[in-house]
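Below are the chains, spelled out letter by letter.
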Amino acid sequence: MSSLRASSISDPSSLRLGFCSSISSRSGRCCAPTVPISRSSARMPVRCAVRFRPCIDIHKGKVKQIVGSTLCDLKDDESAPVTNFESDTSSAEYAKLYREDGLIGGHVIMLGADPLSKAAAIEALHAYPGGLQVGGGINSENCLSFIGEGASHVIVTSYVFNNGRMDLERLKNLVHVVGKDRLVLDLSCRKKEGKYAIVTDRWQKFTDMYLDEKILKFLASYADEFLVHGVDVEGKKLGIDEELVALLGKYSLIPVTYAGGVTVMEDLERIKVAGMGRVDVTVGSALDIFGGNLAYKDVVTWHAQQQAFPV
């Protein structure tokens, strides 16, 4: 973790102290969790300050940043997905970094069902129990095992949106097994005929469902949060999809996190404005801890400012 911290800040203790003091002076508590988070404390209301949600994407056991639209089930003789960054630092070290900086609700995503990726995901959950959500191959049979390993929530897409359609029985069964307050629905989408179609199976398959007020309201009754990648811009550092952010800010009735295209600090403010202060943000490839040019320490400082002066 020292290499992660060194790449982004020269005095880590000052940042952590400054972050916590800015919150504690206004709310009477330090935001950095040191113990597992309960169900009630992990939940976040929609109308609150914008939050930075960190990520740990894992592919074949390694922390990577991949252009999501190039990721598919590959055979040995096929082209590999486009990889922006591959880290020698373990998933657990990233998790410890986020824990020390008090960042709650980050996403651990297994980009593949291989044993190495599962093991790396579990290592991250053990390093930050209660502080991270986990996704990738989650279903009604394995969801509770990841909660038992320390995940605050499980993130689900393909199991619910099966063969291009929403399987309501599977969704209801998931809620029955793991509970609404532990479930995050990944509604990542791509533009199709002028509308945002939900995509599944590593973002390769379009479903027959489109993000709009009706579907967001319906699904809010089954989930604690939404996670939405703007797949058309994700991993490409081309700037954010403001139209999508605005749609989420206007119609989501539960906490929602947007990911895709953040390149510079100004993009964070654009998300804040377009989402009316109701849409959280994930940053991946652009961060210096993932080989990009955007300083992680600056994003953490921005996050702290949002909590100190909520919308």
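Residues numbered from 1 in each chain as written. Predicted model: local features only at pLDDT ≥ 70, side-chain atom pairs only at ≥ 80, totals over all residues. Heavy atoms only, no water.

1. Some points on the packing of helix 10 (residues 265-274) against helix 11 (residues 296-308)
Taken N-terminus to C-terminus, the directions of helix 10 and helix 11 make an angle of 30°; their axes are 10 Å apart at the nearest point. With respect to helix 11, the element helix 10 is oriented roughly parallel. The handedness of the crossing between helix 10 and helix 11 is right-handed. The residues of helix 11 that touch helix 10, namely those facing Met265, Leu268, Glu269 and Lys272, are Asp298, Val299, Trp302 and Gln306. Along the lines of polarity and charge, the residues of the contact of helix 10 with helix 11 split into four nonpolar, one polar and three charged. (Axes fitted to C-alpha atoms, helices over the stretch in contact; angles between N-to-C directions. Helix = DSSP H or I, 4+ residues; strand = E, 2+ residues; numbered from the N terminus. Parallel < 35°, antiparallel > 145°, perpendicular 65-115°, else oblique. Left-handed = near helix turned anticlockwise from the far one by under 90°. Contact = heavy atoms within 4.5 Å. Nonpolar A, V, L, I, M, F, W, Y, C, P; charged D, E, K, R; others polar.)

2. Quick look at the packing of aromatic side chains
Scanning all chains against the criterion turns up four aromatic pairs. Residues Phe52 and Tyr296 carry aromatic rings whose centres are separated by 6.5 Å and whose planes lie at 70° to one another, so their mutual orientation is edge-to-face. Placement of Phe52 in the loop between helix 3 (39-42) and strand 1 (55-59) and of Tyr296 in helix 11 is noted, with a sequence separation of 244 residues between them. Assessed through its relative accessible area of 1%, Phe52 is described here as buried. Arranged with centres 5.4 Å apart and planes meeting at 55°, the rings of Phe218 and Tyr222 form a pair that is tilted. Members of the aromatic cluster, connected to one another through ring pairs, are Phe52, Tyr98 and Tyr296. Over the ring of Phe206 we find Lys192; its NZ or CZ atom is 5.1 Å from the centre of that ring. Sitting over the face of the ring of Tyr210, Lys195 holds its NZ or CZ atom 4.2 Å from the ring centroid. (Phe/Tyr/Trp six-rings, centres within 6.5 Å; stacked < 30°, edge-to-face > 60°. Buried < 20%, exposed > 50% of the residue type's maximum accessible area, 1.4 Å probe, protein only. Lys NZ or Arg CZ within 6 Å of the ring centre and 35° of its normal.)

3. Examining the nonpolar core
Formed by 79 residues in total, the largest nonpolar core has its most connected members in Ile56, Tyr98, Val134, Val154, Leu187, Leu211 and Phe226. If you tally residues by element for this core, the top one is helix 5 (residues 115-127), at six residues. Counting residues in hydrophobic clusters, the runner-up holds six residues, among them Ile109, Ile155, Val184 and Leu227. (Core = buried A, V, L, I, M, F, W, Y, C linked by side-chain atoms within 4.5 Å.)

4. Brief notes about the sheet that holds strand 10 (residues 189-192)
Paired through backbone hydrogen bonds, the strands of a sheet run either parallel or antiparallel to each other. Taken in spatial order, the three strands of this open sheet run 10-11-12, and their pairing is antiparallel. Two strands close off the open sheet at either side, each with one partner strand: strand 10 and strand 12 (205-210). Put simply, the sheet's adjacent strands are angled 45° from each other on average, direction ignored. As defined by bridge partners, strand 11 (residues 195-200) adjoins strand 12 across three bridges and the pair is classed as antiparallel. Paired with Thr200 across the bridge in strand 12 is Lys205. (Pairing = 2+ DSSP bridges.)

5. Concerning helix 10
A turn of α-helix holds 3.6 residues, and therefore any two residues three or four places apart point the same way. Of all the residues in helix 10, the buried ones are Asp267, Leu268, Ile271 and Ala274. Down the axis of helix 10, the buried set is contained in an arc of 135°. They therefore lie on one face. Lining the buried residues of helix 10 we find helix 9 (242-251), strand 14 (256-259), strand 15 (279-282) and helix 11. Immediately downstream of helix 10, the backbone of Met276 shows phi near 55°, a positive value. (Arc of directions from axis to C-beta.)

6. Observations concerning the confidence of the model for the chain
Any residue range with low pLDDT should be treated as having predicted coordinates unsuitable for detailed reading. Averaged over all residues, the pLDDT of the chain equals 84, while 79% of them reach at least 70. Note on residues 9-47: pLDDT under 50 across the span, and 68 contacts to partners over four residues away in sequence or across chains. Counting interchain partners and residues more than four positions distant, the pLDDT-below-50 stretch residues 73-79 has five contacts. (pLDDT = per-residue confidence, 0-100.)

7. A look at the pattern of salt bridges
Following the criterion strictly, the structure yields eleven salt bridges and no others. Of the charged contacts in the structure, one is a salt bridge between Arg53 and Asp280, with a shortest N-O distance of 3.1 Å. In this pair, Arg53 is assigned in the loop between helix 3 and strand 1 and Asp280 in strand 15, connecting sequence segments 227 residues apart. Measuring nitrogen to oxygen at the nearest pair gives 3.8 Å for the salt bridge that ties Arg190 to Asp232. (Salt bridge = Lys/Arg side-chain N within 4 Å of Asp/Glu carboxyl O.)

8. Comments concerning the environment of Val178
If you trace the backbone, Val178 turns up in helix 7 (residues 168-178). With relative accessibility at 3%, the residue Val178 sits in the buried group. Along the backbone, Val178 and Glu141 are 37 residues apart, and their C-alpha atoms lie at a distance of 9.9 Å.

9. Remarks on unusual backbone geometry
At Lys60, a residue that is not glycine, the phi angle is positive and equals roughly 55°. With respect to the secondary-structure elements, Lys60 resides in the loop between strand 1 and strand 2 (62-66). In this structure, Met276 takes a positive phi of about 55° despite not being glycine. For Met276, the location among the structural elements is in the loop between helix 10 and strand 15.

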